[in-house]
Amino acid sequence: MLAVEMKVNPLEPCVSSLPVAAVLPELLSALAHAPQVLLNAPTGAGKSTWLPLHILAEGNIAGRILLLEPRRLAARNVAQRLAELLGEKPGETVGYRMRGETCVGAATRLEVVTEGILTRMIQRDPELTDIGLVILDEFHERSLEADLALALLLDVQQGLRDDLKLLIMSATLDNDRLQRLLPDAPVIASEGRAYPVDRRYQPLPSHVRFDEAVAVTTAELLRAERGSLLLFLPGVGEIQRVQDQLAQRIGSDVLLCPLYGALPLSEQRKAILPAPEGLRKVVLATNIAETSLTIEGIRLVVDSAQERVARFDARTGLTRLVTQRVSQASMTQRAGRAGRLEPGICLHLLAKEQAERAAAQSEPEILQSDLSAMLLELVQWGCRDPAQLCWLDMPPAVNLAAAETLLVQLGALENRQLTARGQKMARLGVTPRLSAMLVSAQTGDEAATAAKLAAILEEPPRGGSTDLGVAFSRSQPHWQRRSRQLLKRLNSGEGREDSDLIPILLARGFADRIARRRGQEGRYQLANGMGAMLDVDDAMGRHEWLIAPLLLQGSQQPDARILQAVSVNIESLTTAAPWLLHNADTVEWDDAHGTLKALRRSQIGQLTVSVRPLAKPSETELHQAMLNGIRDKGLQILNWTPAAEQLRLRLHCAAQWLPEYDWPAVDDASLLATLELWLLPDMQGVHSLRALKALDLIHALNHLLPWPLRQRLDSALPGHYTVPTGSQIAIRYHAENPPVLAVRMQEMFGEAATPVIAEGRMPLVLELLSPAQRPLQITRDLSAFWAGAYREVQKEMKGRYPKHVWPDDPANTAPTRRVKKYS
């Protein structure tokens, strides 16, 4: 057990008086006997800044402790406080890691990390070597990253580290939902140490502007009461406007301090430090101040009862910000800030009956977010189907589909597997669009430029110009630090930043956000078909072509607002990136002449770059133009269903394994060269791209196979294999690897030898699965497995799945799909 000497600040109350100290023995006992523990401890109980040190000192944890905090400012402050209690600086016994900043050392035993950092740690080291305990703090916030972290950690526990401990804690845990997910986890409750808070309710007058009404109410409370004040507002715009209004209504003894996530950490820290002697302060904050962050000297809270949340629209691929009423749990959290040091007052700016009708808990981010980054993490983890993991809330299917579409477009995903490009993207630990841009950099100059662009787009400047080139010309310390970190991950040589490279690099990650002006001032159309807009007087509106990587879908306007963009010379861009262009041959009515006309459009997405006429086509010419279009755009524009893909792979494998037969070539070049032979016969009556995409490619490909060869394919390389239980299991064919049969181990009992196909020439790779459909063994020699490694699997699985059959002689045991019957 690690000995940790704690040096408590004499200005603090005796640590034993902290409420969480009363449940410490019970908590340590639970951690010793259970893999997951739930702790419900209200604000002020000491769960973030006292408890981790005592677990470290007394918990007999075999390894380091990770403490997960949802926000960077909270992570740094918690680490600072924990280090102070030890009489040390961060980086010694206690350290922290967050995006762009690491402060740990060889002696660090407790690391405070942000959520994205934890995910990267799990991906790099799935067993979390040397980690004994992971503490998930402020879990009630239910951020997307926290839900992903919990799902991955539970998977690690189940498959790799049954000795790993998880402690999930918050002031307002959704215990019913967590207990359904973790029914065996002990639940420990600690009382809070908050002083009494007088919670008042006062709706704002409807005839006064919001910012003015909030400022008037806040100023009145300041005049009537002593102490510093924390004002919760929904967003940065409201903070700035209310700050202007308050400045006209308060005396010189009150400091106004904004606090929101996009502020530099140095500015955020000013808001949480004590007010100078003789002064008091008003902290104007978003919901960032609901967390374990302690803001010194607060006695008064004004709660607007509003928050701004991001909601992803899977149809447009854009995020919109919605202002909504906070949950009752959030109101409780906000009110608790007034009672940390002495009795306080919380004024909620709504009627009491409205507060009582608010939702009990906030909606989890996973239900309303862009899931592309999460899906990239899951596929990197080896999870093709998110349903394989344990979630508090299952990610929505429509958002997962949109995420998969984007990852395919970015070249990261193919057949739900990471491509070589996708593997590079996943290792960078940034959003998929930015990682696509980063991995496309081929030279040192491109890498340096891409890294700075990524740093800017992660933390864009607020207000000012929408011209990304203006931001790029500036030098900000936090951008430079982040840029250096990304270059290190890219392992790139030296280069210089070059603004001329911005368009081509952005096109790699944001090709669908290339935009063309469409007549009205400030109005643009995006390559994905959506509309976008600038302010009428925005200087960027003079450019015909833009790339707009940062967009925000308005709640009232149908068009997205362009937040950051760069002008584009479209001829130069398409010359440097010809892959952006595709040709679309169309036949349209010429209303003026009442005739058909054929046009070939060069397009970027749905934006037309140039148009040239084609001669009036007959149906034969129309079909030939369609075939030429397929050759230009590639086979991917056809409807390749999974079944059609598997037929094509079977033909490809047949040519390799049974070369004595005259199999047709089905590589891209051969299929494109023979479109007239296999696709054209099915195109009768096809006069549109929609009809072309509706063609059955299985039927079309069969034109390449004479009947005897078709029968031989079905017998020698079947689509399914019948296992001993009678189940027909699909065989997975691959262009370069042996065929795979993924089947539960119990269904292969009684099979003594490895199944073979291709007239006995190709053994199937058996992916033998557990009852939970997780791979237990991959083998091409079933008899050797039964006689050897099966013993170890049997030993482990009997304990994990006692209701299932694990015989001593599986080769001579009847197969089964069922569990054992108990008398």
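On a predicted model such as this, the values are computed, not experimentally measured, just so you know. (Residues numbered from 1 in each chain as written. Predicted model: local features only at pLDDT ≥ 70, side-chain atom pairs only at ≥ 80, totals over all residues. Heavy atoms only, no water.)

1. Description of the overall build of the protein chain
Along the protein chain, the regular secondary structure elements total 29 helices and 33 strands. What you see for the protein chain is a C-alpha radius of gyration of 31 Å, in line with the 28 Å of a compact globule of 823 residues. Summarising its shape, the C-alpha atoms of the protein chain cover approximately 95 × 85 × 55 Å along the three principal directions. Every one of the 823 residues in the protein chain was classed for burial, and the buried ones make up 51%. Residue pairs at least 24 apart in sequence account for 67% of intrachain contacts in the protein chain once pairs closer than 6 positions are excluded. Of the side chains in the protein chain, 91 bear a positive and 95 a negative charge, and the two mean positions are spaced by 1 Å. (Helix = DSSP H or I, 4+ residues; strand = E, 2+ residues; numbered from the N terminus. Rg over C-alpha atoms; globule rule 2.2 N^0.38 Å. Buried < 20%, exposed > 50% of the residue type's maximum accessible area, 1.4 Å probe, protein only. Contact = heavy atoms within 4.5 Å. Lys, Arg positive; Asp, Glu negative; His and termini not counted. Charge placed at Lys NZ, Arg CZ, Asp CG, Glu CD.)

2. What to know about the packing of aromatic side chains
The description of an aromatic ring pair uses the distance of the two centres, along with the angle that the planes make with each other. As enumerated under the stated definition, the model contains six aromatic pairs in all. Relative to Y790, the ring of F785 has its centre 6.0 Å away and its plane inclined at 85°; by these criteria the two rings are edge-to-face. Classification of F785 as buried rests on a relative accessible area of 3%. An aromatic cluster is present here, built from F749, F785, W786 and Y790 joined pairwise through their rings. Between the NZ or CZ atom of K452 and the centre of the ring of F472, over which it lies, the distance is 5.0 Å. For R648, the ring lying beneath its charged end belongs to W640, and the centroid distance is 5.2 Å. (Phe/Tyr/Trp six-rings, centres within 6.5 Å; stacked < 30°, edge-to-face > 60°. Lys NZ or Arg CZ within 6 Å of the ring centre and 35° of its normal.)

3. Notes on the sheet that holds strand β9 (residues 197-201)
The strand order across the open sheet built from six strands is β9-β16-β13-β10-β12-β11, with neighbouring strands paired in parallel fashion. Strands with a single pairing partner mark the edges of an open sheet, and in this sheet they are β9 and β11 (254-259). Neighbour-to-neighbour, the strand axes of this sheet turn through a mean angle of 15°, independent of strand direction. Examined bridge by bridge, β9 and strand β16 (residues 344-348) share five bridges and lie parallel to one another. By the bridge assignment for β16, V197 is matched with G344. (Pairing = 2+ DSSP bridges. Axes fitted to C-alpha atoms, helices over the stretch in contact; angles between N-to-C directions.)

4. Some points on the side chain of R600
Among the structural elements, R600 can be located in strand β25 (residues 595-604). Sequence-distant contacts of R600, defined by excluding residues within four places in its chain, comprise N583, A584, D585, S610, V611, R612, L614, N628 and D632.

5. Points about the domain arrangement of the protein chain
Domain boundaries assigned for the protein chain yield domain 1 (15-189), domain 2 (197-367), domain 3 (635-714) and domain 4 (718-800). Each of domain 3 and domain 4 has a C-alpha centre, and the two are 30 Å apart. Counting residues at the interface gives 14 residues for domain 3, matched by 13 residues for domain 4. Roughly 1000 Å² is buried in total at the junction of domain 3 and domain 4, and carbon and sulfur atoms are behind 57% of that figure. (Domains from an automatic or database assignment. Buried area = accessible area lost by both parts, 1.4 Å probe.)

6. Structural notes on the pairing of strand β22 (residues 545-553)
Buried residues dominate β22, accounting for eight of its nine residues. The pairing of strand β19 (residues 514-517) with β22 spans three bridges and is classified as antiparallel. When the sheet's bridge partners are listed, I514 is paired in β22 with I547. Bridge count between β22 and strand β23 (residues 560-567): six bridges; the pairing is antiparallel. Bridging from a neighbouring strand, L550 pairs with Q564 of β23.

7. Side note on the sheet that holds strand β33 (residues 775-779)
Reading across the sheet, the five strands line up as β27-β28-β29-β32-β33 and stay open at both edges, with mixed pairing between neighbours. Each having just a single partner strand, β27 (720-722) and β33 make up the two edges of the open sheet. The average undirected angle you get between the axes of adjacent strands in this sheet is 30°. Examined bridge by bridge, strand β29 (residues 740-744) and strand β32 (residues 765-769) share five bridges and lie parallel to one another. Bridging across to β32, L741 finds its partner in L766.

8. So, the nonpolar core
The biggest cluster of nonpolar side chains holds 91 residues, and the ones touching the most others in it are V134 and L506. Here this core takes ten residues from helix α5 (residues 144-159), the largest share from any one element. Ignoring anything within four residues of it in the chain, the contact list for L506 reads M437, L453, L457, L468, A511, I547, P549 and V566. Ranked by size, the runner-up nonpolar core spans 60 residues in total, among them I630, L635, M683 and W786. (Core = buried A, V, L, I, M, F, W, Y, C linked by side-chain atoms within 4.5 Å.)

9. Quick word on the packing of helix α15 (residues 432-439) against helix α19 (residues 502-510)
In helix packing, the relevant descriptors are the interaxial angle and the interaxial distance, both defined with respect to the helix axes. For the pair α15 and α19, interaxial distance at closest approach is 7 Å and the crossing angle is 135°. Between α15 and α19, the crossing angle belongs to the class labelled oblique. Viewed along their axes, α15 and α19 form a crossing whose handedness is right-handed. Every residue of α19 that contacts α15 at R433, L434, A436 and M437 is listed here: L505, L506, R508, G509 and F510. Of the residues assigned to the contact of α15 with α19, the class counts are six nonpolar, one polar and two charged. (Parallel < 35°, antiparallel > 145°, perpendicular 65-115°, else oblique. Left-handed = near helix turned anticlockwise from the far one by under 90°. Nonpolar A, V, L, I, M, F, W, Y, C, P; charged D, E, K, R; others polar.)

10. Quick notes on the environment of L110
Residue position: L110 is located in strand β5 (residues 110-114). For the pair L110 and V134, spaced 24 residues apart in the sequence, the C-alpha separation amounts to 9.9 Å.

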